[in-house]
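So the chains spell out like this:
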Amino acid sequence: MIKIDYSGVMEKSVREHGIKEEELEKFDISKYHAALESKIDRKEIGFYDLPYQDTSKIKETAEQIRQKFRYFVVIGIGGSSLGNLMLHQALNHIMYNELPDMYPKFYMLDNPDPVVLEGIMRMVNPKETCFNVISKSGSTAETMANYLVARNELSKYVDKSKLPEHFIFTTDPSAGNLNKIADREEIKRLFIPQNVGGRFSVLTPVGLLSAAVTGIEIDRILSGAKSMSQICREPSLDNPGYLIAIIHYIMFNRGKNISVMMPYSNHLYNFADWYRQLWAESLGKRYSTEGKEINVGQTPIKSLGAIDQHSQIQLYNEGPNDKIITFIRVEKTNKDYEIDATPYRDIEGLSYLTGHTLHELLLTEQTATAVSLIKNKRPNLTITIDEITPENLGKLIFIYFTATAFSGELFHINAFNQPGVEMGKKYTYGLMGRRGFREYADEINKIKKEDFVLTLP
Ligand code: PA5
């Protein structure tokens with residue numbers, strides 16, 4: 001069950017900052033819907049097909065890994081890492097790696113900060129480690145560098161002839177360096193459909209292999225996504241993806257430039273992180289599809305309830321009214337603790353907690369926070385799921401894919417490219433001396449100025 005309560009964004013709740021009922025009712029969904037549908041029909045957008053894929057090869061590969069290895073390290077970044085982290089945190093035990101009986105241990109090598117690799121190499125036994133290198137393009141500098149260094153480290157423990165057995169590549173079906181290496185060294189590969197970009201790829205082998213390796217039932221995730229795939233193509237406000245997109249679009253046009261995602265669940269904190277990339281990279285665009293400079297996009301922020309009540313909520317309640325806040329609330333938890341303050345029954349400030357549970361406190365705090373925001377006329381919506389299951393996560397993922405794709409139509413932008421990211425990649429290649437990118441290094445060297453730098457001892 002998923003419930004989206006959007007009363008907190010309506011005029012009735014937050015007055016002049018809210019949306020009028022007729023504004024929603026009269027919203028011309030059909031023309032944006034038609035534009036999106038024609039892209040789906042032309043197979044330009046691939047995520048709609050993902051719930052229907054055959055997962056047998058992923059599951060078979062995962063089983064082989066589980067039989068052979070005790071450590072599983074994903075090497076990837078951005079859309080090639082955030083979805084894995086999200087599924088793992090949401091659906092595995094919150095202390096998965098720390099539990100003695102949980103294998104294979106799961107690690108993420110994303111940042112090319114050497115401390116990450118050093119840390120991972122200390123945790124794993126290299127001889128029992130499988131590395132899953134994920135890169136759609138097969139050229140991202142961070143991933144390729146981490147791969148090369150990890151491979152070199154591994155070669156100190158594993159015979160050269162055996163090295164390829166320790167790697168699996170997840171990449172484009174034909175292009176990129178990972179395919180060249182895999183051909184040369186006979187490394188096993190899984191493929192990402194061509195029409196599915198990085199941040200939309202969690203339901204491909206990108207996210208599903210590491211999920212299956214750590215014991216998650218990936219078909220249940222896809223079955224949840226499948227159950228949303230029809231409703232998410234309805235041209236109406238009953239389409240949860242369209243509803244979320246339209247609310248955010250109206251809010252953006254009212255100056256709500258920031259979109260906060262605040263789950264009240266440690267399991268879903270990485271979901272907020274995944275959303276942060278999806279929303280930022282897809283919708284933060286300089287040009288419209290007609291080539292007009294528009295500089296649109298809401299800045300996504302991730303928060304965690306109740307922790308950020310003691311950090312961010314003061315700002316959300318009383319700072320600039322420039323945010324729309326989405327709470328995620330989970331009704332049931334599989335483990336809860338009753339609070340017993342009877343040893344301190346004479347202390348009124350504690351005794352009121354007796355008989356309540358930790359989860360009850362968490363949910364009560366979410367309610368209290370939403371109410372305080374409404375009191376301060378701060379628009380917010382609450383998504384409630386009955387419990388964290390693979391099905392519910394699949395549904396949420398699909399709803400947010402749809403919200404993002406539909407927002408692209410509303411803003412008249414291409415939600416599926418990332419020229420701003422590509423530009424940074426090109427400057428990095430230039431500065432690191434990659435052939436063909438010299439002009440980017442020259443450009444940077446020309447503009448580098450020391451005039452406005454404060455250097456301290
Ligand atoms: O969403 C995207 O396209 C990006 O964030 C990519 O996932 C990221 O740049 C990594 O790219 P690649 O998978 O090609 O290494």
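Residues numbered from 1 in each chain as written. Predicted model: local features only at pLDDT ≥ 70, side-chain atom pairs only at ≥ 80, totals over all residues. Heavy atoms only, no water.

A separate point is the domain arrangement of the protein chain. Domain assignment breaks the protein chain into domain 1 (2-27 + 237-411) and domain 2 (47-219). With centres defined by C-alpha atoms, the gap from domain 1 to domain 2 works out at 31 Å. On the side of domain 2, 21 residues touch domain 1, which itself brings 23 residues to the contact. Carbon and sulfur atoms supply 70% of the area that domain 1 and domain 2 bury against each other, a total of about 2000 Å² over both sides. Our count for the domain 1 to domain 2 interface comes out at one salt bridge. Among the ionic pairs, R199 bridges to E281, the shortest N-O distance being 3.2 Å. Run the count over domain 1 and domain 2 and you get seven residue pairs in polar contact (both at pLDDT 80 or more). At the level of secondary structure, the elements contributing two or more residues to the side of domain 1 that touches domain 2 comprise α12 (269-283) and α16 (390-411). Top element by residues in the side of domain 1 that touches domain 2 is α12. It accounts for nine residues. Grouping the constituent residues of the side of domain 1 that touches domain 2 by class yields twelve nonpolar, eight polar and three charged. (Domains from an automatic or database assignment. Contact = heavy atoms within 4.5 Å. Buried area = accessible area lost by both parts, 1.4 Å probe. Salt bridge = Lys/Arg side-chain N within 4 Å of Asp/Glu carboxyl O. Polar contact = N/O pair within 3.5 Å; in protein donor to acceptor, adjacent residues only side chain to side chain. Helix = DSSP H or I, 4+ residues; strand = E, 2+ residues; numbered from the N terminus. Nonpolar A, V, L, I, M, F, W, Y, C, P; charged D, E, K, R; others polar.)

A separate point is the pattern of salt bridges. Overall, the coordinates contain 24 salt bridges when judged by the stated rule. With its nearest N and O atoms 2.8 Å apart, the salt bridge here joins K156 to E153. Between R220 and E391 there is a salt bridge, with its nearest N and O atoms 2.7 Å apart. Of this pair, R220 sits in helix α10 (residues 218-229) while E391 sits in helix α16; the two residues are 171 residues apart in sequence, bridging distant segments of the chain. Three or more residues joined by partner-sharing salt bridges are found here, namely E217, R220 and E391.

Contact geometry of helix α9 (residues 205-213) with α10 gives a least axis separation of 9 Å together with a crossing angle of 135°. Considering the angle they form, α9 stands oblique to α10. Touching L208, A211 and A212 of α9 are I218, I221 and L222, all from α10. Classifying every residue of the contact of α9 with α10 by side-chain character gives six nonpolar, no polar and no charged. (Axes fitted to C-alpha atoms, helices over the stretch in contact; angles between N-to-C directions. Parallel < 35°, antiparallel > 145°, perpendicular 65-115°, else oblique.)

Each neighbour pair has its own omega, and for Y103 with P104 the value is -10°, a cis peptide bond. Position of P104 relative to the elements: it lies in the loop between α5 (82-91) and β3 (105-109). Positioned with a positive phi, R15 is a non-glycine residue whose angle comes to about 50°. Locating R15 in the fold gives a position in the loop between α1 (11-14) and α2 (21-25). By relative accessible area, which is 47% here, R15 ends up partly exposed. A positive phi angle, near 65°, is found at K43, a position not held by glycine. Its place among the elements puts K43 in the loop between α3 (29-41) and α4 (56-68). Judged by its relative accessible area of 48%, K43 is partly exposed. (Buried < 20%, exposed > 50% of the residue type's maximum accessible area, 1.4 Å probe, protein only.)

The environment of the ligand is made up of 13 residues, and the closest members are S80, S135, S137, T140 and Q277. One of the side-chain N or O atoms of S137 is found 2.6 Å from an oxygen atom in the ligand. Taking R199, its main chain carries an N or O atom lying 3.0 Å from an oxygen atom of the ligand. Protein chains bury 92% of the 380 Å² of accessible surface belonging to the ligand in isolation. (Near = heavy atom within 4 Å. Areas by Shrake-Rupley, 256 points an atom, 1.4 Å probe, with all protein chains shown as cover.)

What follows covers the sheet that holds β3. Ordered in space as β3-β2-β4-β5-β6, the five strands form an open sheet in which the pairing is parallel. Single-partner strands in this sheet number two, and they are β3 and β6 (188-191). Neighbouring strand axes in the sheet, compared pairwise and without regard to direction, differ in orientation by 20° on average. Two elements, strand β2 (residues 71-75) and β3, share five bridges in a ladder whose sense is parallel. By the bridge assignment for β3, V73 is matched with Y107. (Pairing = 2+ DSSP bridges.)

This part takes up a nonpolar patch on the surface. A contiguous nonpolar surface patch, about 290 Å² in accessible area, is contributed by Y337, L358 and L361. Within the secondary structure layout, L358 lies in helix α15 (residues 358-375). Classification of L358 as partly exposed rests on a relative accessible area of 47%. (Patch = residues over 30% accessible without salt bridge, like charges linked within 9 Å, V, L, I, M, F, W, Y side chains within 5 Å.)

This model, assessed by the stated rule, comprises 26 aromatic pairs. Seen from their ring centres, F27 and Y32 are 6.0 Å apart, and the 35° between their planes marks the pair as tilted. Pair check on accessibility: F27 and Y32 agree, each one buried. Seen from their ring centres, Y242 and F406 are 3.7 Å apart, and the 15° between their planes marks the pair as stacked. In this pair, Y242 is assigned in helix α11 (residues 240-253) and F406 in helix α16, connecting sequence segments 164 residues apart. The structure contains a cluster of three or more aromatic residues connected by ring pairs, namely F47, Y48, F200, F271, W274, Y275, W279, F398, Y400, F401 and F416. (Phe/Tyr/Trp six-rings, centres within 6.5 Å; stacked < 30°, edge-to-face > 60°.)

A sheet is described by the order of its strands in space; here five strands give the open sequence β1-β12-β11-β7-β10, paired in mixed fashion. Looking at the sheet topology across the chains shown, the edges are occupied by β1 (2-5) and β10 (299-302). When the angles between neighbouring strand axes are averaged without regard to direction, this sheet yields 15°. Relative to strand β11 (residues 323-330), strand β7 (residues 258-263) runs parallel, the two being bridged by six bridges. Looking at β11, one finds that V260 is bridged to I325. Each of β1, β7, β11 and β12 (380-385) touches α11; the most contacted strand, β11, lies at about 150° to it.

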